[in-house]
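Chain residues, written in single-letter form:
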Amino acid sequence: MNNIVHKLFEEIDLQDSFFQSLRDDYPGFDDWFRKKSRQDAFVQYENHKIIGFLYLKVEKQLVDDVTPNICANKILKVGTFKIEAHGTKMGEQFIKIIMDYAANENVDVCYVTIYEKHKSLIDLVQQFGFEFYGVKGEGKFQENVYLKQMKRITGDINIDFPLIDISNAKKYLLSIYPKYHSIMFPDSILTTENKNIITDVSYTNSIHKIYVCTMEQVDELKYGDIVVLYRTAENGRSAEYSAVATSVCVVEDVKKQNEFSSFDDFYKYASKYSVFDQRDLHYWYNKGGCKAIKMTYNAAMKKRIVRHDLIEQIGLERSKYWGFFELTDEQFQKIVRMGNVNKTLINKN
């Protein structure tokens, strides 16, 4: 995946051809852009050319330039959002940034304005809970307004993202080898054996993930179940202080190998969001009895929890097989507290 970088407007080349369509759609775009010189934006590059741009702004109480007006205590405006998508993963990266930002700012609602001609962008935001709300502007410059309620649970994992509904879900620990985990969650690469490792949430992660394994117990996973990802020890290092809990995901589906008619069928499904390359997927498929776990990546722990603390402070059993096992509600609550998971993401509906 291409990196998305955080830049001031004044550091961005306004003459990049990427911005031409925005000039066409928004009269005075260049003047607006220059006035934002000290504001920041998220920019994605490919071969030194811009392929994605996102500007966010928090507003309070009232947005009165859309019909109907938006009234809420804290409102996140997606000010400018354009991508030259090669597939859904790139769009998801930006949706994840928007959702991370909204959660960190603890906003009540989030909204975006989109011209009706941008069908693929509309489909993308609707997939993750933005609903048609109203309009902004008039005539050929009229845009549709799409709004997402940030504190509402519907029961649909994608629409509710990034909220984690813990009310009826079972919770599990799932282990992942370091070489796969580092690809799946680049923000969680560990370079030290310190007990507590604090990192910022990466802006390079897609929302959906697929992990492949052969552990029979994962058959227990159901839609809406919650998984705490556990990065196993690195070669030559003690698991006590190098194996860590890092992230919280919500399960969408588990497919068994016999549900695929062939390797090609399996590869087509798994490769889109998988941490594995084709050689890895061949290995697991040939091994037999593999399962593909599809899940949404809802939260990175700001504070990684080492195995020692998972045992001594959370109460996990040392003698268990740590590949996959169920957590009690109390253990899960302790993990998200110790891991400094954003409290606004945990919903007890």
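Everything below is about the structure printed above this text.
Residues numbered from 1 in each chain as written. Predicted model: local features only at pLDDT ≥ 70, side-chain atom pairs only at ≥ 80, totals over all residues. Heavy atoms only, no water.

## Quick word on the overall build of the protein
Inclusion rule: Runs of H or I in DSSP of at least four residues are treated as helices and runs of E of at least two as strands, each being numbered from the N terminus. When we talk radius of gyration, it's over C-alpha atoms, and the globule rule is simply 2.2 Å times the number of residues to the 0.38. Think of it in three bands: residues with accessible area under 20% of the maximum for their type are buried, residues over 50% are exposed, and the middle band is partly exposed, with areas taken using a 1.4 Å probe on protein chains only. Only heavy atoms matter for contacts: two residues are in contact if any of them lie within 4.5 Å across the pair. The protein chains shown are the only cover counted for residues, whose accessible areas, like all others here, come from Shrake-Rupley with a 1.4 Å probe. Only four residue types enter the tally: Lys and Arg on the positive side, Asp and Glu on the negative side; His and the chain ends are excluded. To locate a charge, take atom NZ for lysine, CZ for arginine, CG for aspartate or CD for glutamate.
When helices and strands are tallied, the protein shows eleven helices and 15 strands. Its C-alpha radius of gyration of 21 Å places the protein within 12% of the 20 Å reference for a compact globule of 349 residues. Taking all 349 residues of the protein together, 54% fall into the buried category. Residue pairs at least 24 apart in sequence account for 73% of intrachain contacts in the protein once pairs closer than 6 positions are excluded. For the protein, the exposed area adds up to about 16,300 Å²; of that, 45% sits on carbon and sulfur atoms. Taking the average location of the 47 positive side-chain charges in the protein and that of its 48 negative ones, the two points are 3 Å from each other.

## Description of the sheet that holds strand β13 (residues 291-306)
Our working definition: Only strands joined by at least two bridges in the DSSP assignment are considered to pair. Note on method: axes are straight lines fitted to C-alpha atoms, helices fitted across the in-contact stretch only, with angles between N-to-C directions ranging 0 to 180 degrees.
With mixed pairing, six strands are arranged side by side in an open sheet as β10-β13-β12-β11-β9-β14. Of all strands in the sheet, those with a lone pairing partner are β10 (208-213) and β14 (324-327), marking the two edges. On average, each strand axis in the sheet is tilted by 40 degrees relative to the strand beside it, whichever way the strands run. Sheet topology note: the strand β9 (residues 171-176)/β14 ladder contains four bridges and is antiparallel.

## Things to note about the nonpolar core
As a rule of thumb, nonpolar side chains are buried together in soluble globular proteins. Selection criterion: To qualify as a nonpolar core, a set must consist of buried Ala, Val, Leu, Ile, Met, Phe, Trp, Tyr and Cys residues joined through side-chain atoms within 4.5 Å.
Residues L174, Y211, V212, L221 and F266 are the most contacted members of the largest nonpolar core, which totals 33 residues. Counting only elements with at least two residues in this core, the list comes to β9, β10, β11 (226-231), β12 (244-256), α8 (263-270), α9 (278-287) and β13. Setting aside its immediate chain neighbours within four residues, F266 contacts V212, F260, L281, Y285, C290 and A292.

## Some details on α9
Test applied: Working note: the arc is built from the helix axis to C-beta atom directions. In protein, a polar contact means a hydrogen-donor-capable atom and an acceptor-capable atom, both N or O and within 3.5 Å, with residues adjacent in sequence counting only if both atoms are side-chain atoms; elsewhere, any N or O pair within 3.5 Å suffices.
Taken together, the buried positions of α9 are D280, L281, W284 and Y285. In an axial view of α9, the angular spread of the buried residues amounts to 130 degrees, which keeps them on one side of the axis. Exposed residues lying more than 90 degrees from the buried face of α9 are R279 and N286. One side-chain oxygen at the N-terminal end of α9 lies 3.2 Å from the backbone nitrogen of R279; it belongs to D277. Phi for G288, located one or two positions after α9, is positive at around 85 degrees.

## Things to note about the environment of Y273
As for its placement among the helices and strands, Y273 is situated in the loop between α8 and α9. Along the chain, Y273 and K294 lie 21 residues apart, while their C-alpha atoms are 8.3 Å from each other. Here E92 takes part through its side chain, which lies 2.8 Å from a polar atom of the side chain of Y273.

## Side note on the environment of K74
Its place among the elements puts K74 in strand β4 (residues 70-83). Measuring from C-alpha to C-alpha, the distance between K74 and N106 comes to 7.6 Å, with 32 residues separating the pair along the chain. Not counting the four nearest positions on each side in its chain, K74 is found in contact with V58, E59, K60, E105, N106, V107, D108 and V109. Looking at K74, its side chain comes within polar contact range of the main-chain oxygen of E105, at 2.7 Å.

## A look at the pairing of strand β2 (residues 40-46)
Alignment of strand β1 (residues 4-8) against β2, held across five bridges, turns out to be antiparallel. Residue pairing across strands places H6 opposite F42, the latter belonging to β2. The pairing of β2 with strand β3 (residues 49-63) spans five bridges and is antiparallel. Within β3, the residue paired with F42 across the bridge is L54. Connecting β2 to the next strand, β3, in antiparallel fashion are two residues, including N47 with a positive phi near 55 degrees.

## Notes on the pattern of salt bridges
Heads up, the condition is: A side-chain nitrogen of Lys or Arg and a carboxyl oxygen of Asp or Glu constitute a salt bridge if their distance falls within 4 Å.
One pass over the structure, following the stated rule, counts 18 salt bridges. Among the ionic pairs, E84 bridges to K82, the shortest N-O distance being 3.8 Å. With a relative accessible area of 15%, K82 lands in the buried category. A salt bridge links E131 to R152, with the nearest nitrogen and oxygen atoms 3.4 Å apart. One end of the pair, E131, is in strand β6 (residues 131-136); the other, R152, is in the loop between β7 (143-149) and α5 (157-160), and 21 residues separate them in sequence.

## A short note on the packing of aromatic side chains
Put simply, the rule is: Only the six-membered ring of Trp is used, alongside the rings of Phe and Tyr, when aromatic pairs are assigned; centres must lie within 6.5 Å, and planes under 30 degrees apart are stacked while those over 60 apart are edge-to-face, with the rest tilted. Placement of a positive charge over a ring is assigned whenever Lys NZ or Arg CZ falls within 6 Å of the ring centre and within 35 degrees of the normal to the ring plane.
This structure, assessed with the given rule, holds 26 aromatic pairs. For the pair F132 and Y146, a centre-to-centre distance of 5.9 Å together with 70 degrees between the ring planes defines the contact as edge-to-face. Placement of F132 in strand β6 and of Y146 in strand β7 is noted, with a sequence separation of 14 residues between them. Overall, Y146 belongs to the buried group, its relative accessible area being 4%. Over the aromatic face of F18 sits the side chain of K82, whose NZ or CZ is 4.2 Å from the ring centroid. Across the ring face of Y269, the terminal group of K255 is positioned such that the distance to the ring centre comes to 5.5 Å.

## A few points about the sheet that holds β1
What the seven strands build is an open sheet, ordered β1-β2-β3-β4-β5-β7-β6; its pairing is mixed. Each end of this open sheet is capped by a strand with a single partner; those strands are β1 and β6. The sheet shows a mean angle of 30 degrees between the axes of neighbouring strands, taken without regard to direction. The sheet strands contacting helix α4 (residues 119-127) are β4, β5 (109-114) and β7, and the helix crosses β5 at an angle near 170 degrees.

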